[in-house]
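Examining the three-dimensional arrangement
Single-letter residue listing:
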Amino acid sequence: MRLKKTDIPALTILAVFETVAITLWLTKDNIFYLFNFSYIGGSIALGLFLFSHEYKHARRVVQLLVGSYMLIYLGLICNENMQIEGFWYYLFTGVFEAATIHYAVAKIFGPLIFGRGWCGYACWTAMVLDFLPYKVPQKPRANIGFIRYITFAAALIFVSALFLCHVGNLERIMFWSFLIGNIAYYAVGIALAYIYKDNRAFCKYICPVTVFLKPMSYFALFRVTCDTEKCISCGKCKRICPMEVDVTDNSRNRKNATECIYCMECIKACPKKALK
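So, here is what we can say about the structure in this document. (Residues numbered from 1 in each chain as written. Predicted model: local features only at pLDDT ≥ 70, side-chain atom pairs only at ≥ 80, totals over all residues. Heavy atoms only, no water.)

Here the focus is the overall build of the chain. When its secondary structure is counted, the chain shows 14 helices and 0 strands. In sequence order, the secondary structure elements of the chain are arranged as α-α-α-α-α-α-α-α-α-α-α-α-α-α. Against the compact-globule benchmark of 19 Å for 276 residues, the chain has a radius of gyration of 19 Å, which places it among compact chains. Dimensions along the principal axes, computed over C-alpha positions, put the chain at roughly 60 × 45 × 30 Å. (Helix = DSSP H or I, 4+ residues; strand = E, 2+ residues; numbered from the N terminus. Rg over C-alpha atoms; globule rule 2.2 N^0.38 Å.)

This next bit is on the environment of Cys203. In this structure, Cys203 sits in helix α11 (residues 201–205). Given the relative accessible area of 10%, Cys203 is considered buried. Note: C-alpha distance between Cys203 and Leu129 (74 residues apart in sequence) is 9.8 Å. Sequence-distant contacts of Cys203, that is, excluding residues within four places in its chain, are made with Arg116, Arg148, Thr210 and Met243. (Buried < 20%, exposed > 50% of the residue type's maximum accessible area, 1.4 Å probe, protein only. Contact = heavy atoms within 4.5 Å.)

Our next topic: helix α3 (residues 58–77). The end-to-end C-alpha distance of α3, which contains 20 residues, comes to 27 Å, matching closely the 28 Å that a straight helix rising 1.5 Å per residue would cover. Maximal helix bending in α3 amounts to about 30°, located at Tyr69. Asn79 lies just past α3 and shows a positive phi near 60°. (Expected span 1.5 Å × (residues − 1). Bend = angle between axes of the 7 residues up to and from the residue.)

Where helix α9 (residues 147–164) meets helix α12 (residues 210–217), the closest approach of the two axes is 9 Å, and the angle between their N-to-C directions is 125°. Considered as vectors, α9 and α12 are oriented oblique to each other. Touching Arg148, Tyr149 and Phe152 of α9 are Thr210, Val211, Phe212 and Lys214, all from α12. When the residues that make up the contact of α9 with α12 are grouped by side-chain class, the tally is 4 nonpolar, 1 polar and 2 charged. (Axes fitted to C-alpha atoms, helices over the stretch in contact; angles between N-to-C directions. Parallel < 35°, antiparallel > 145°, perpendicular 65-115°, else oblique. Nonpolar A, V, L, I, M, F, W, Y, C, P; charged D, E, K, R; others polar.)

Listed below in structure tokens is the structure:
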């Protein structure tokens with residue numbers, strides 16, 4: 001395969017992540033950051049490269065590479081709680097390490113640039129849920145999105161209570177909360193997928209991380225946009241979207257505007273190549 005103009009995004013992402021990797025390595029004197037961000041950046045860049053060359057499983061490759069790395073290596077082997085409880089824990093202890101850096105880059109400030117790309121390419125929960133049969137929602141969206149705020153508050157209250165009660169052995173508790181939390185996420189996510197016939201039901205209604213992601217994604221620099229002169233209003237992009245985003249509307253207030261996960265299914269489905 002030869003390099004094309006469409007490979008520029010992949011090279012750009014690789015350059016950005018390498019810059020972050022080298023900067024953190026040198027400033028924190030820890031080679032882990034060089035490996036970590038080089039691996040993640042390289043995986044994402046590979047996915048974008050494959051997508052530009054029309055490999056249909058490009059996003060799944062990235063999901064498996066990044067998601068399994070964060071779940072198995074960082075979470076289970078390195079005992080880093082990468083769930084939201086881990087973020088609160090490290091934030092309260094004043095430690096700027098893997099979980100806090102991860103949240104800052106992927107879920108708080110990063111979405112100002114790449115929106116909810118995390119959800120589409122790196123989330124280890126969605127990595128599994130996307131194997132389920134309901135890739136396109138088959139039922140109307142339920143009005144239960146408020147649950148995400150309950151799970152968000154529950155995580156914050158749980159960690160706060162541990163500190164306020166001066167509970168010992170917090171590192172071990174964080175590891176077990178990561179393990180149990182992931183089992184619960186998968187169980188609830190799979191159940192919701194079958195109840196609502198929608199693989200992404202967990203993302204839409206339960207996931208606490210979306211409390212960070214949604215408001216920041218509203219201002220995302222990179223967005224799927226529509227060339228209205230080419231668009232023939234066939235509706236294929238709306239029918240194929242797992243998050244039910246109206247990508248034919250270029251305004252920031254379009255339907256489900258903060259939920260685009262950059263899966264690119266709409267771009268692949270458009271018969272007139274009106275989306276980019």
